[in-house]
Amino acid sequence: MAAFEGLSNRLQNVFGKLKGKGKVSENDVKEAMREVRLALLEADVNFKVVKDFINKVKEKAIGQEVMKSFTPGMVIIDIVNKELTSLMGETHSKLNKSNKPPTVIMMAGLQGAGKTTTTGKLAKYLQKQNHKPLLIAADIYRPAAIKQLQILGEQIDTPVFSLGDKANPVEIAKQGLQQAKENHNDYVIIDTAGRLHIDEDLMNELKDIKETVKPDEVLLVVDSMTGQDAVNVAESFNQQLELTGVVLTKLDGDTRGGAALSVKAVTGKPIKFAAMGEKIDALEPFYPDRMASRILG
Ligand code: GDP
């Protein structure tokens, strides 16, 4: 994956050296960990996350068991693989589902993160599983956001509820939810407003929507190309809105994918989906173990 190419290459290089060795000394492990640390920092993984990660791996790798093994290099790669997996959330975290449909999913995020696009992608994903989502256009500030959602809806044959851009977003969400109940939609996805930066008005509006529709999921859409900033954004949204999960977008981009490796550790909230392209079906459920294996190559 483009976002991890640099990291992947570097890690493969480090472990290639270890794998070639019959015996691995404590110094070899330390040297390798020094290189892994640099590779992670260079990939823009949060420095506290890196520190913690390296300590955990070292603790497990510098042990008698590993040193005595016939293939110490492989054992160490395995330790790193497990720690990477655990860092990204251990197991796949599914979408929450309401016992009393519709399941309400509220999308949040900064402008440009890919919120509207992801709303369409998620609808398509649910549709493929025979669900009947309704999309609610509650981003009344970004010019063309409503139109964009309507076009996406048409493309995948999914209804979009809108009251135009003059109505109150809380009211839009409330009426949209009502319509979903009447039309027996089993999922509702609310596209909310973003801003260029986090501001109080926006947060208050999002809190009001949340309070009104009581969502089963509050998903933060995070642009993984924004690096450390992505992690800070996730932290603030989580503090204010109590997220239930994160969607990482633009993992197809060729910048450093460190956000993917930090966001779960920093917020404690699972990455539920990863988006890897602009097309409507470029959304995948996020599996920490698969991602770790992809990174380690
Ligand atoms: P919003 O302001 O958060 O609603 O952002 P949009 O959904 O309008 O997305 C902003 C831009 O990012 C658009 O040009 C999208 O096509 C693009 N985009 C969204 N997700 C992805 C992705 O996973 N990969 C790539 N390459 N582009 C994406």
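Our structure's up above, just so we're on the same page.
The rules behind these values
- Residues numbered from 1 in each chain as written.
- Predicted model: local features only at pLDDT ≥ 70, side-chain atom pairs only at ≥ 80, totals over all residues.
- Heavy atoms only, no water.
- Core = buried A, V, L, I, M, F, W, Y, C linked by side-chain atoms within 4.5 Å.
- Buried < 20%, exposed > 50% of the residue type's maximum accessible area, 1.4 Å probe, protein only.
- Contact = heavy atoms within 4.5 Å.
- Helix = DSSP H or I, 4+ residues; strand = E, 2+ residues; numbered from the N terminus.
- Expected span 1.5 Å × (residues − 1).
- Near = heavy atom within 4 Å.
- Polar contact = N/O pair within 3.5 Å; in protein donor to acceptor, adjacent residues only side chain to side chain.
- Nonpolar A, V, L, I, M, F, W, Y, C, P; charged D, E, K, R; others polar.
- Pairing = 2+ DSSP bridges.
- Right-handed = clockwise from strand over helix to strand, strands pointing away.
- Phe/Tyr/Trp six-rings, centres within 6.5 Å; stacked < 30°, edge-to-face > 60°.
- Lys NZ or Arg CZ within 6 Å of the ring centre and 35° of its normal.

Visitor: Can you walk me through the nonpolar core in this structure?
Guide: Note that soluble globular proteins tend to have their nonpolar side chains buried in a common cluster. Membership of the largest hydrophobic core comes to 77 residues, with the highest contact counts inside it found for Phe-15, Ile-76, Phe-237 and Leu-261. Setting aside chain neighbours within four positions, we find Leu-261 in contact with Phe-4, Leu-7, Leu-40, Val-45, Val-49, Leu-84, Leu-87, Met-88 and Ile-295. Residues Leu-95, Met-107, Leu-149 and Val-221 belong to the second largest nonpolar core, which totals 22 residues.

Visitor: Explanation requested: helix H6 (residues 115–128) in the structure shown.
Guide: Note that an α-helix has 3.6 residues per turn; residues three or four places apart therefore point the same way. Taking 1.5 Å per residue as the helical rise, H6 with its 14 residues ought to reach 20 Å, and the 20 Å between its terminal C-alpha atoms agrees with that figure. Every buried residue of H6 is accounted for by Lys-115, Thr-116, Thr-118, Thr-119, Gly-120, Lys-121, Leu-122, Ala-123 and Leu-126. Where H6 terminates, the next one or two residues include Asn-130, which has phi positive at roughly 65°.

Visitor: Sorry if this is basic, but what is going on with unusual backbone geometry here?
Guide: Most peptide bonds adopt trans geometry, and most residues besides glycine take a negative phi value. With an omega of 5°, the peptide bond running from Pro-101 to Pro-102 counts as cis. With respect to the secondary-structure elements, Pro-102 resides in the loop between helix H5 (72–87) and strand E1 (103–108). The backbone of Ala-144 shows a phi angle near 80°, a positive value even though the residue is not glycine. Among the structural elements, Ala-144 can be located in the loop between strand E2 (133–137) and helix H7 (145–155). The phi dihedral of Asp-157 is positive, around 60°, even though this residue is not glycine. By the secondary structure assignment, Asp-157 is in the loop between H7 and strand E3 (160–161).

Visitor: How should I be thinking about the site of the ligand in this particular structure?
Guide: Not every one of the 18 residues close to the ligand is listed here, only the nearest: Gly-112, Lys-115, Thr-117, Asp-252 and Glu-278. With respect to the ligand, the side chain of Asp-252 contributes an N or O atom lying 2.8 Å from a nitrogen atom. Gly-277 is positioned with one of its backbone polar atoms (N or O) 3.2 Å from an oxygen atom of the ligand. For the shell around the ligand, the leading source of residues is H6, giving four residues. Its residues placed into classes, the shell around the ligand shows four nonpolar, eight polar and six charged.

Visitor: Explain the pairing of strand E5 (residues 217–223) here, please?
Guide: In the case of a regular strand, side chains alternate between the two sheet surfaces. Within E5, seven of the seven residues are buried, leaving the element largely enclosed by the surrounding structure. Of the two faces of E5, both are covered, the one formed by Glu-217, Leu-219, Val-221 and Asp-223 as well as the one formed by Val-218, Leu-220 and Val-222. Where E5 meets strand E6 (residues 245–249), five bridges bridge the pair, whose relative direction is parallel. Pairing of Asp-223 across the sheet is with Thr-249, part of E6. Regarding the hand of the β-α-β motif, the stretch spanning E5, helix H10 (residues 228–241) and E6 is right-handed.

Visitor: Hey, could you run me through the packing of aromatic side chains in this one?
Guide: Working definition: an aromatic ring pair is given by the centre-to-centre distance plus the angle between the planes. Scanning all chains against the criterion turns up one aromatic pair. Pairing Tyr-125 with Phe-273 gives two aromatic rings, centres 5.0 Å apart and planes at 80°, and the pair type is edge-to-face. Here Tyr-125 is found in helix H6, whereas its partner Phe-273 is found in strand E7 (residues 271–275), with 148 residues between them in sequence. Sitting over the face of the ring of Tyr-141, Arg-195 holds its NZ or CZ atom 5.0 Å from the ring centroid. Stacked on the ring of Tyr-287, the Lys or Arg Arg-290 has its end atom at 3.7 Å from the ring centre.

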